[in-house]
Amino acid sequence: MKPIAAAGLALLAVCCAAPGQPGSAATDVDVVFEEVTAGSGLSFDFDRARGGGHFMPDSLAGGCALFDYDNDGDLDAYVVLGLFEEAAVHADGANRLFRQEPDGSFTDVSAASGAADPGYGMGVAVGDIDNDGDADLFVTNYGPNALYRNNGDGTFSDITEPAGVGDPRWGASAGFFDFDGDGFLDLFVSNYLQYRPGPDVRDAAGRPEYAGPECCPGTADILYRNNGDGTFRDISAQAGIAEARGKGLGVGFADLDGDGRTDVFVANDGEANRAWVHDGAGGLRDAARPLGVALNGFGGAEASMGVVVADLNGDARSDLFLTHLFQETNTLYLAGEGGRFADATFGSGLGKQSADSTGFGAAPLDIDRDGRPELAVVNGRVLRATGYTGNEHWPPYAEANLLFWNEGDGRFREAGEECGPFCDVDVGRGLAVGDVDNDGDLDLLATTADGRVRLLRNVHASDAHWIGFRLTDTTGPRDATGAVVEVRAGAWTLRGIVAPAQSYLSSHDPRLLFGLGAAGSIDRLSVRWPDGSEELFDATGIDRYHELIRGEGNPG
């Protein structure tokens, strides 16, 4: 186990904006987050709806990623954009890559990097497709998706065509995982629906409005097998998913049925969710209904968007949290004995509190380092609020974000003023979590429907201890996507999965960070690698990051 020194980088502070606007801060309250976007280098002028129309993808895009593309030890940022004007995708909507500098600021390196995809962007997935130790990028679009190979010198190459992954449908969330256990990361892509731009729909008052998902039929998702040579093969038909049409928006990756292999959860919009588990014959089968995650506890399909995969009640099992549409509630599915989940929303503190909001990106993060992850949710309507009579495009879609404190045993409490600027009113979409300043707590990168990005630094005062890990698979010097870590500290057993592809259209920091409370050490540290093998590592050194390398531990 190799220690990784924390860089201790300071994010740049900003002045407060007007109350209720991004950048505002609560007063006389120990706030959890401060907005540091202005002055960080992440601010830029862009508006997806600058043409004034109601192009449906504008209301749903786009995502973001926190990842270390240049292997310098700190997180960089990728922001997915898109612009549709005069019936065509416009080059002004190209995606942006920001490199973090030693002083904690960010530099826009989009053009020089070659990763500024010019398509109409939706989401992003991060993974090392060729096991060379460099993080590659897959971008989903309304239109052909794109794959960018990291050249290891600060630049990327567009290898979409030779790789065979440029599907032209409306792609949404995507993620890498080793489907077949051959040591190379395969790729799952959720697709949304078969939308073609046309005349604006109208609301009840006769005003132009965005189309809803009922406008168009859904389509099937895609599973690509990595051939190990930089190319992929569409194996959707062989795997059994090619005829399963849906309206997929979010994805999550975890062992859902307890067989030791990584499965795929797909959040569908207004339709039953899917849980693609291994069928034992080299394919996948939808087990969402027997697992209890296809519908809510009342037997209804919901407009599912964002996905969280994490142990939310401290029983060392992976639970699911889904974000939903206004007048529904966000839903908490707790994993139980026998490989089945239960809708535990009622009584959790997560239901009624979310019924008046439309949730998109969501992330687990242990803010107070007590071993129990909180939940952060970004909100924003897809249909304008009634009663708004102004002429501005986005304000009638804005809603306050939500932060929930984890009180243990599957119970949560909504944060108040201490949430700070994160809970400002906005039109939230993507959300990525990561330790941007390497100080042992998790920060947030959020996107909005208009194309802005927000960086929120975790400033919660805590004397509690922590420990963090980067897991490396020796199949190639890459992040061990799908590995499971268990940390025992006294009576606690803490569990984490290397699963950056979750939330909504976004990708998290692949490192794992555990809050330890008052514990000054850990008693046991185990890793189950993606191939099912287990190792024990020496649990030495808290309040810092360590690298766990496959093969350097003791057999579990």
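**Some thoughts on the overall build of the protein**
Inference 1: Per the secondary structure count, the protein includes four helices and 48 strands.
Inference 2: Expressed as a percentage of contacts within the protein between residues at least 6 apart in sequence, the contacts between residues at least 24 apart total 60%.
Inference 3: Entry remark: accessible area of the protein is about 19,600 Å², with carbon and sulfur atoms responsible for 49%.
Inference 4: Side-chain charges of the protein comprise 40 positive and 88 negative groups, with the mean position of each set lying 5 Å from the other.

**Description of the state of the cysteines**
Inference 1: On inspection of all chains with the given rule, the structure shows two disulfides.
Inference 2: Residue pairing for C419: its cysteine sulfur links by disulfide to C423, the two sulfurs lying 2.0 Å apart. Across the disulfide from C419 to C423, rotation about the S-S bond amounts to roughly 80°, and the bridge is consequently right-handed.
Inference 3: In the protein, the bonded cysteines, taken in the order they occur along the sequence, pair up as 1-2, 3-4.
Inference 4: No disulfide involves C64; its sulfur sits 17 Å from that of C419, the nearest cysteine.

**Looking at the sheet that holds strand β19 (residues 232-234)**
Inference 1: Taken together, four strands build an open sheet; the order of strands is β13-β14-β18-β19 and the sheet is antiparallel. What marks the edges here is a single partner per strand, and that holds for β13 (171-177) and β19. For this sheet, the mean angle separating the axes of adjacent strands, direction not counted, is 25°.
Inference 2: Note: β13 against strand β14 (residues 186-191), five bridges, orientation antiparallel. Along β14, the bridge assignment pairs G171 with N191.

**Re the pattern of salt bridges**
Inference 1: This structure, assessed with the given rule, holds 27 salt bridges.
Inference 2: Among the ionic pairs, E35 bridges to R454, the shortest N-O distance being 2.6 Å. Taken together, the residues span a long stretch of sequence, with E35 in strand β2 (residues 33-35) and R454 in strand β37 (residues 453-458) at a distance of 419 residues.
Inference 3: E35 gets classed as buried once you look at its relative accessible area, which sits at 9%.
Inference 4: A salt bridge links R457 to D437; the nearest nitrogen and oxygen atoms lie 3.1 Å apart. Here R457, found in strand β37, pairs with D437, found in the loop between β35 (428-434) and β36 (443-448); they are 20 residues apart in sequence, far enough to count as distant.
Inference 5: One continuous salt-bridge network, built from bridges that share partners, spans E35, D426, D450, R452 and R454.

**Re the domain arrangement of the protein**
Inference 1: For the protein, the domain assignment lists domain 1 (33-151 + 158-295 + 302-465) and domain 2 (466-555).
Inference 2: Domain 1 and domain 2 are separated by 23 Å when their C-alpha centres are compared.
Inference 3: Around 3,600 Å² of area is buried between domain 1 and domain 2 when both sides are counted, 52% of it from carbon and sulfur atoms.
Inference 4: Sorting the residues of domain 1 by area buried against domain 2 places N131, A316 and H465 first, and these three jointly supply 17% of that buried surface.
Inference 5: Seen at the junction of domain 1 and domain 2, the total is zero salt bridges.

**Considerations on the sheet that holds β36**
Inference 1: The strand order across the open sheet formed by four strands is β2-β37-β36-β35, and the pairing between neighbours is antiparallel. Of all strands in the sheet, those with a lone pairing partner are β2 and β35, marking the two edges. Ignoring which end each strand starts from, the neighbouring axes of this sheet average 25° apart.
Inference 2: In this sheet, β36 lies alongside β35 in antiparallel orientation, the contact comprising five bridges. Residue pairing in the sheet places V433 in a bridge with L444 of β36.

**Some thoughts on the environment of R233**
Inference 1: Within the secondary structure, R233 is located in strand β19.
Inference 2: Judged by relative accessible area, R233 falls into the partly exposed class, the value being 38%.
Inference 3: Taking the C-alpha atoms as reference, R233 lies 8.4 Å from L223; in sequence the two are 10 residues apart.
Inference 4: Look past the residues within four positions of R233 in its chain and what remains in contact with it is L223, Y224, R225, N227 and Q238.

**Concerning the side chain of Q100**
Inference 1: Among the structural elements, Q100 can be located in strand β7 (residues 96-100).
Inference 2: Judged by its relative accessible area of 1%, Q100 falls in the buried class.
Inference 3: There is a polar contact of 2.6 Å between the side chain of Q100 and the backbone oxygen of L75.
Inference 4: Among the polar contacts made by the side chain of Q100, one reaches the main-chain carbonyl oxygen of V436 at a distance of 3.3 Å.

**Quick notes on the pairing of β7**
For a regular strand, the rule is simple: side chains alternate between the two faces of the sheet.
Inference 1: Strand direction decides the pairing type here: strand β4 (residues 76-79) and β7, joined by three bridges, are antiparallel. Of the residues in β7, the one forming a bridge with A77 is F98.
Inference 2: Examined bridge by bridge, β7 and strand β8 (residues 106-108) share three bridges and lie antiparallel to one another. Across the sheet, the residue bridging to F98 is D108, located in β8.

**A word on the packing of aromatic side chains**
Any aromatic ring pair is given by two values, namely how distant the centres are and how the planes are angled relative to each other.
Inference 1: All chains considered together, the criterion is met by 21 aromatic pairs.
Inference 2: A ring pair is formed by Y69 and F156, whose centres lie 5.9 Å apart and whose planes are at 35°; its orientation type is tilted. With Y69 in the loop between β3 (64-67) and β4 and F156 in strand β12 (residues 156-158), this residue pair connects regions lying 87 residues apart in the sequence.
Inference 3: Judged by its relative accessible area of 4%, Y69 falls in the buried class.
Inference 4: On the basis of relative accessible area, F156 is assigned to the buried category, the value being 5%.
Inference 5: Between F177 and F179, the ring centres sit 6.2 Å apart and the planes meet at 65°, which makes this aromatic pair edge-to-face.
Inference 6: Given a relative accessible area of 2%, F177 falls into the buried group.
Inference 7: According to the relative accessible area criterion, F179 is buried, its value standing at 6%.
Inference 8: Taken together, the ring pairs connect F55, F84, Y120, Y142, W170, Y192 and Y195 into an aromatic cluster.
Inference 9: For R381, the ring lying beneath its charged end belongs to F326, and the centroid distance is 4.6 Å.
Inference 10: Cation over ring: R511 sits above Y545, and NZ or CZ is 4.5 Å from the ring centre.

Parameters and conventions
- Residues numbered from 1 in each chain as written.
- Predicted model: local features only at pLDDT ≥ 70, side-chain atom pairs only at ≥ 80, totals over all residues.
- Heavy atoms only, no water.
- Helix = DSSP H or I, 4+ residues; strand = E, 2+ residues; numbered from the N terminus.
- Contact = heavy atoms within 4.5 Å.
- Areas by Shrake-Rupley, 256 points an atom, 1.4 Å probe, with all protein chains shown as cover.
- Lys, Arg positive; Asp, Glu negative; His and termini not counted.
- Charge placed at Lys NZ, Arg CZ, Asp CG, Glu CD.
- Disulfide = S-S within 2.5 Å.
- Pairing = 2+ DSSP bridges.
- Axes fitted to C-alpha atoms, helices over the stretch in contact; angles between N-to-C directions.
- Salt bridge = Lys/Arg side-chain N within 4 Å of Asp/Glu carboxyl O.
- Buried < 20%, exposed > 50% of the residue type's maximum accessible area, 1.4 Å probe, protein only.
- Domains from an automatic or database assignment.
- Buried area = accessible area lost by both parts, 1.4 Å probe.
- Polar contact = N/O pair within 3.5 Å; in protein donor to acceptor, adjacent residues only side chain to side chain.
- Phe/Tyr/Trp six-rings, centres within 6.5 Å; stacked < 30°, edge-to-face > 60°.
- Lys NZ or Arg CZ within 6 Å of the ring centre and 35° of its normal.

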